[in-house]
Amino acid sequence: MEKTLLTSDKESLKKTQISSWAATIKRNKFASLTISSALLLACISLSLYFSKFNGSLSEEQDVWGQFGDFIGGTLNPTFSFITVVILIVTLRTQQKELSESRKIAQQNTELVRNQLSAMKNQALENTFFRMLEEIKNDPIFKDVFEEDKIKNIFKAVYLFEKARHEQPEAASRLFGQCAGITIGEFRYVILEKLALICAVTKKLQDNQIHYKVLQNTCTPTLLSAAIHHAHYMKHDTYKNFLNDRTNLLRGINFLYIVNDTIAKDFLSEKTKKEHSKKVEESIKYWDSATDDFKEGLKNKEVEA
């Protein structure tokens, strides 16, 4: 029974190969024409032979031998040529099919890559809006936004940097009195959360709209205050803000950029030139504002 099954499988394989060759030949006009011409030549040769030596079947072995030599000499090259043509056509067809299969595989790979990229971007976008919602609901951010303390926070950052060199023991106290929040709340809540959401925004595709949403929610002034403090303190979060520098502070009032390095890192070439003309005015403004604030504190202490 096993022998019968093997024989059946072999016959089936042969039929499949023959069908494949036949289909290949049908698709190839050159092969069809070549094989047809070869068969026609064989038929013509046989017709010429029988028309010339027409008669009854011979009983002589030599005659049959001569006829066999004629058939072999005429048809063997013809069928050999046909076999070579079929092989060449089959190889070319297989090469073409292999090339098409590679293209399809590449297209499928690219499709999967694009799908994975879209899924990753969607996950990042969900993370961005979740973090933005957390910022909106954070009590410290709420207090800053509702009481309009953002300008005072920038002033406090500037004041803290001056006091750090002039009155180090009073720097944190002055920051809290000016900003209305402690230096710890600013550094470990506002600064950290802004740095994290900026790092996520950088990784998003087509993130221009996300930067605008971030600016509208947190304001460029608060972002600039966080950037200035991170730079002054040489904090690692400064690298997160640097990820997409020209988008983060786009459209900001030059009054809120008082450091040349930050201007170089975050402003476009055209904006940097405009800023360089006004930076001295900004520094004078904040020097005067912080001096007035400290003078006001002294007056309150005297009155008390």
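Just above sits the structure.
Here is a short report on the structure shown in this document. These numbers come from a predicted model, not from an experiment.

1. Things to note about the side chain of Ser-282
Consideration 1: Of note, Ser-282 is situated in helix α13 (residues 269-303).
Consideration 2: In this structure Ser-282 comes out as buried when scored by relative accessible area, which is 3%.
Consideration 3: Apart from the residues within four sequence positions on either side, Ser-282 is in contact with Phe-254, Leu-255, Ile-257 and Val-258.

2. Looking at the side chain of Gln-215
Consideration 1: Examined against the element boundaries, Gln-215 turns out to sit in helix α8 (residues 208-218).
Consideration 2: Looking at Gln-215, the relative accessible area reads 13%, which means it is buried.
Consideration 3: At a separation of 3.2 Å, a polar atom in the side chain of Gln-215 contacts the main-chain carbonyl oxygen of Arg-250.
Consideration 4: Setting aside anything within four residues of it in sequence, one finds Gln-215 in contact with Pro-220, Leu-223, Asn-247, Leu-248, Leu-249 and Arg-250.

3. Regarding the packing of aromatic side chains
In this description, a pair of aromatic rings is defined by centroid distance and the angle of the planes.
Consideration 1: With the rule as written, the count across this model stands at nine aromatic pairs.
Consideration 2: Ring geometry for Phe-128 versus Phe-129: centroids 5.0 Å apart, planes at 85°, classification edge-to-face.
Consideration 3: On the numbers, 6.2 Å between centres and 85° between planes, the contact of Phe-160 with Phe-175 is edge-to-face. Note that Phe-160 is positioned in helix α5 (residues 150-166) and Phe-175 in helix α6 (residues 171-179), a separation of 15 residues in sequence.
Consideration 4: Residue classification places Phe-160 among the buried residues on the basis of a relative accessible area of 5%.
Consideration 5: One aromatic cluster in this structure is built from Phe-154, Tyr-256, Tyr-285 and Trp-286.

Scoring rules and cut-offs
Residues numbered from 1 in each chain as written. Predicted model: local features only at pLDDT ≥ 70, side-chain atom pairs only at ≥ 80, totals over all residues. Heavy atoms only, no water. Helix = DSSP H or I, 4+ residues; strand = E, 2+ residues; numbered from the N terminus. Buried < 20%, exposed > 50% of the residue type's maximum accessible area, 1.4 Å probe, protein only. Contact = heavy atoms within 4.5 Å. Polar contact = N/O pair within 3.5 Å; in protein donor to acceptor, adjacent residues only side chain to side chain. Phe/Tyr/Trp six-rings, centres within 6.5 Å; stacked < 30°, edge-to-face > 60°.

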